[in-house]
Amino acid sequence: MSQQHVLRFPPGFLWGTASAAYQCEGGNTNNQWYRWEQEGHILSGDTCGQAADWWEHAEHDFLLAEQMENNALRLSLEWSRIEPVEGQWDSTALERYRAMLLDLRRLHLTPVVTLHHFTDPLWFTERGGFAHGENVRFFIRYVQHVVAALQDVNSFWITFNEPNVYAFQGYLMGVFPPGEKDLVRTFQVLRNLMQAHVEAFYAIRTIRPQAQIGYCLHYRLFDPANSLSLLDRSAASIQENMFTWSALQAGETGRFTFPAGRVLSPLVHAAGARDYHGVNYYTREIVSFDPRRPAEAFGRRFVRPGSVRNDDGLSDSFGEIYPWGLYRILKSVYQRTRGNKPLYITENGFSDRLDDRRPAALLAHLAVLQRAIQDGIPVRGYFHWTLVDNFEWNDGWYVRFGLIELDPVTQKRTPRRSASMFGEICQANAITEAIVERYAPELNNIIFGTTDALSRQIPV
Ligand code: FCB
């Protein structure tokens, strides 16, 4: 095979999958998502139940990750297990997490631990959760407790998963708990989460100076339906700023972009409070001007007609599969942060129950990622969402993101084709022509062709 037909990743690149406690562990009945489920908000009518049974048997799946040649794994800790009652700590929960982290290390999988992935203990919810700035201190106390207890077995921390999704889905769209639709509160929640990140960063830094600490945002592009229309362009750009860039800018400078910046005071001590940028990328949306939608910055959002799509969810679509968007996002994060820190793809994945688009989609995204690295953007790892099918929030079991299929009733695992492909890429630390030929030969010319071919819409 000739040299130019291999796309190599840098030595030491982290390859793994990402997951979250509530979606995998099972048996979490003490947080606001469980209550939300009990209130009947899960659109599929499913219950999380045993989930992927990680509280009992996560190690079985860790072994599958190791067999897939991964060298890292991202999971989250469930605050409501560790602090089930305000100020009371459950040491057995921490011991269980310690056992999981030790097992990952035994398998040479570098653990990456998220401290908050959407779920709050019920006692915290009852105090008003992150809508009240004074509650941030409870989160910091939890972080100090956990990091002090686990710092010898983990040094890569993600404080928050997607503050923007938590705020917008829960307080503006009303589809995540607490189901509110209030723009000002959405902005306040976003600010409180970002401030909590800053304080958590310094709390962890004090306990463990060598730790790597950051947060991840959900980075979504909003493109104008007609790029020549000023109205479409401004509606798209306000939406993108609000959802995607405001939090990043606040994380960098303390100041939120318009319109959030109009109602929020700047963050305190934000500048410098992260060691890397965590990028979750899934899709883009198309926006056209619509005077009937003042609450959405006069923009109507839709999936690009004719695009290759993820399987739809029940309330929302998971949208277009748009590999080049990953390059655009990475470049934009890099430029907006003036290249000050390394980047990690902390999530990227596809809802595709039949796995008939995922192999090509994943290959295309990884080829785009490799191009970004070649172009000088310092991306140090890739975490695919997700290892085994898990409970997808308000869609329940309806959509399937796993490289490995899971039957939640029998707990039977069946690896999808994508799992073997991902394993081959991780093992090679490269995309080889043989892999492309085996899994998506139609992409051969595009992946090993010119930049131009990659940047055009990749037919997955
Ligand atoms: C992300 C979430 C993750 C999962 C994927 C599909 O926004 O962080 O928990 O729901 O989407």
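Residues numbered from 1 in each chain as written. Predicted model: local features only at pLDDT ≥ 70, side-chain atom pairs only at ≥ 80, totals over all residues. Heavy atoms only, no water.

In the annotation of an unreviewed UniProt entry, the entry for the protein reads Beta-glucosidase, and the organism field reads Dictyobacter formicarum. We quote the UniProt Sequence similarities (unreviewed entry) comment for the protein here in full: "Belongs to the glycosyl hydrolase 1 family." (UniProt positions renumbered as here; feature names shortened; annotations may be inferred.)

Colleague: Just checking my understanding: could you explain the packing of helix α8 (residues 163–171) against helix α9 (residues 183–207) for this structure?
Modeller: Packed helix pairs are characterised by how far apart their axes lie and by the angle those axes make with each other. Running from N to C, α8 and α9 point in directions that differ by 155 degrees, and their axes come no closer than 9 Å. By the angle between their directions, the pair α8 and α9 is classed as roughly antiparallel. Two packed elements cross with a definite hand, and for α8 against α9 that hand is right-handed. Contacts between α8 and α9 involve P163, N164, Y166, A167, F168 and Y171 on the former and, on the latter, R185, T186, F187, V189, L190, L193 and M194. Split by residue class, the contact of α8 with α9 holds 10 nonpolar, 2 polar and 1 charged. (Axes fitted to C-alpha atoms, helices over the stretch in contact; angles between N-to-C directions. Helix = DSSP H or I, 4+ residues; strand = E, 2+ residues; numbered from the N terminus. Parallel < 35°, antiparallel > 145°, perpendicular 65-115°, else oblique. Left-handed = near helix turned anticlockwise from the far one by under 90°. Contact = heavy atoms within 4.5 Å. Nonpolar A, V, L, I, M, F, W, Y, C, P; charged D, E, K, R; others polar.)

Colleague: What am I meant to see in unusual backbone geometry here?
Modeller: Residues other than glycine predominantly adopt negative phi, and peptide bonds predominantly adopt the trans conformation. Cis geometry is adopted by the peptide bond preceding P178, which originates at P177 and carries an omega value of 5 degrees. Relative to the helices and strands, P178 is located in the loop between α8 and α9. With an omega of 15 degrees, the peptide bond between W385 and T386 qualifies as cis. Counting through the fold element by element, T386 comes out in the loop between β10 (379–384) and β11 (404–406).

Colleague: Would you mind going over helix α5 (residues 91–106) with me for this structure?
Modeller: Side chains of residues three or four places apart in an α-helix project in the same direction, reflecting 3.6 residues per turn. For α5, built from 16 residues, the straight-helix expectation of 22 Å at 1.5 Å per residue is met to within 8% by its first-to-last C-alpha distance of 22 Å. Those residues of α5 that sit buried are A93, L94, R96, Y97, R98, M100, L101, D103 and L104. Each element contacted by the buried residues of α5 is listed here: α1 (21–24), α3 (54–67), β3 (72–76), α4 (79–82), β4 (110–116) and α7 (136–150). Just past α5, the residue H108 takes up positive phi, approximately 60 degrees. (Expected span 1.5 Å × (residues − 1). Buried < 20%, exposed > 50% of the residue type's maximum accessible area, 1.4 Å probe, protein only.)

Colleague: Would you mind going over the pairing of strand β5 (residues 156–161) with me for this structure?
Modeller: Taken residue by residue, a regular strand's side chains alternate between the two faces of the sheet. Within β5, 6 of the 6 residues are buried, which leaves the element mostly enclosed by the surrounding structure. For β5 and strand β6 (residues 212–224), the ladder comprises 4 bridges, and the chain directions are parallel. Across the sheet, residue W157 finds its bridge partner in β6, namely I213. (Pairing = 2+ DSSP bridges.)

Colleague: Just to check I follow, could you spell out the site of the ligand for this structure?
Modeller: Taken together, Q23, H117, F118, N161, E162, H218, Y282, E347, W385, E392, W393 and F401 make up the full set of residues adjacent to the ligand. At a separation of 2.8 Å, an oxygen atom of the ligand approaches a polar side-chain atom of H117. Alone, the ligand offers 290 Å² of accessible surface; in the complex the protein occludes 94% of this. Partitioning the shell around the ligand into residue classes produces 5 nonpolar, 4 polar and 3 charged. (Near = heavy atom within 4 Å. Polar contact = N/O pair within 3.5 Å; in protein donor to acceptor, adjacent residues only side chain to side chain. Areas by Shrake-Rupley, 256 points an atom, 1.4 Å probe, with all protein chains shown as cover.)

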